[in-house]
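One letter stands for each residue in the lines below.
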Amino acid sequence: TRLAYYVSTLSGSGLAGSSSFTYNNNRVSGMYTAAAASQYVIVYGAYFAAAVSAFETMTFSNSAVTNVLAVSQSSTVDVHLAYFAGTLTLTGTRASSCSATNNNMRNCTLKSSGTSQFAGVRFNAVSGLNNFIVDGLDMNGGSSVTSTTNTAYSYGVWFDSSTSLT
């Protein structure tokens, strides 16, 4: 399930003061189960598969991925409010910002024999950023359960590498 799914590159105008992306007041909830043992369960509020560039601001606010029960018998369970799988390149102006405020990921339960990944906002790589704000993210009541040989991740903000933020 993906509320907003961008498979191709997404570009703003690159002009200071006129290029913004806003994702507000969106909701995902429910039970998601993999039909076969080898299938993934993926629940994203917004998913950016390719590069996102030339926006001055990216705003994610008052959105929720709540009361999700995601179950996979042997594969990955992946739940994110927003996931940038490609590179996010903002304009680099004084006002360039990425903000995630007043979002809710309460009461999400992930169960998998594979890897469980649970994050508010996840980034591959970010550049051109002057302000970064995460405020009011509520992840209370959540849990990730995997087999003893796999890993469960739970993060408010996740950067895929230590060099991904510039």
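Residues numbered from 1 in each chain as written. Predicted model: local features only at pLDDT ≥ 70, side-chain atom pairs only at ≥ 80, totals over all residues. Heavy atoms only, no water.

Caption draft 1: Expanded view of the sheet that holds strand β3 (residues 20–24). Overall, parallel pairing links the four strands, which are arranged β3-β7-β10-β13 in an open sheet. The open sheet terminates on both sides in strands that have one partner only, identified here as β3 and β13 (131–135). Across this sheet, the average inter-strand angle for adjacent strands is 5 degrees, counted without regard to direction. Judged from the five bridges that link them, strand β7 (residues 57–61) and strand β10 (residues 97–101) form a sheet pairing that is parallel. Pairing of F60 across the sheet is with A100, part of β10. (Pairing = 2+ DSSP bridges. Helix = DSSP H or I, 4+ residues; strand = E, 2+ residues; numbered from the N terminus. Axes fitted to C-alpha atoms, helices over the stretch in contact; angles between N-to-C directions.)

Caption draft 2: Highlighting the sheet that holds strand β11 (residues 109–112). Across the sheet, which stays open at both edges, the four strands sit in the order β4-β8-β11-β14 with parallel pairing between neighbours. Lying at the two open borders of the sheet, with one neighbouring strand each, are β4 (27–33) and β14 (143–145). Taking the axes of each pair of neighbouring strands and ignoring which way they run, one obtains an average angle of 10 degrees across the sheet. Alignment of β11 against β14, held across three bridges, turns out to be parallel. Pairing of T109 across the sheet is with S143, part of β14.

Caption draft 3: The nonpolar core, seen in detail. Within the largest apolar cluster, 20 residues are counted, with the highest numbers of intra-cluster contacts made by F21, F48, V52, M58, F60, F84 and L88. Broken down by element, this core gets its largest block of residues, four residues, from strand β9 (residues 77–90). (Core = buried A, V, L, I, M, F, W, Y, C linked by side-chain atoms within 4.5 Å. Buried < 20%, exposed > 50% of the residue type's maximum accessible area, 1.4 Å probe, protein only.)

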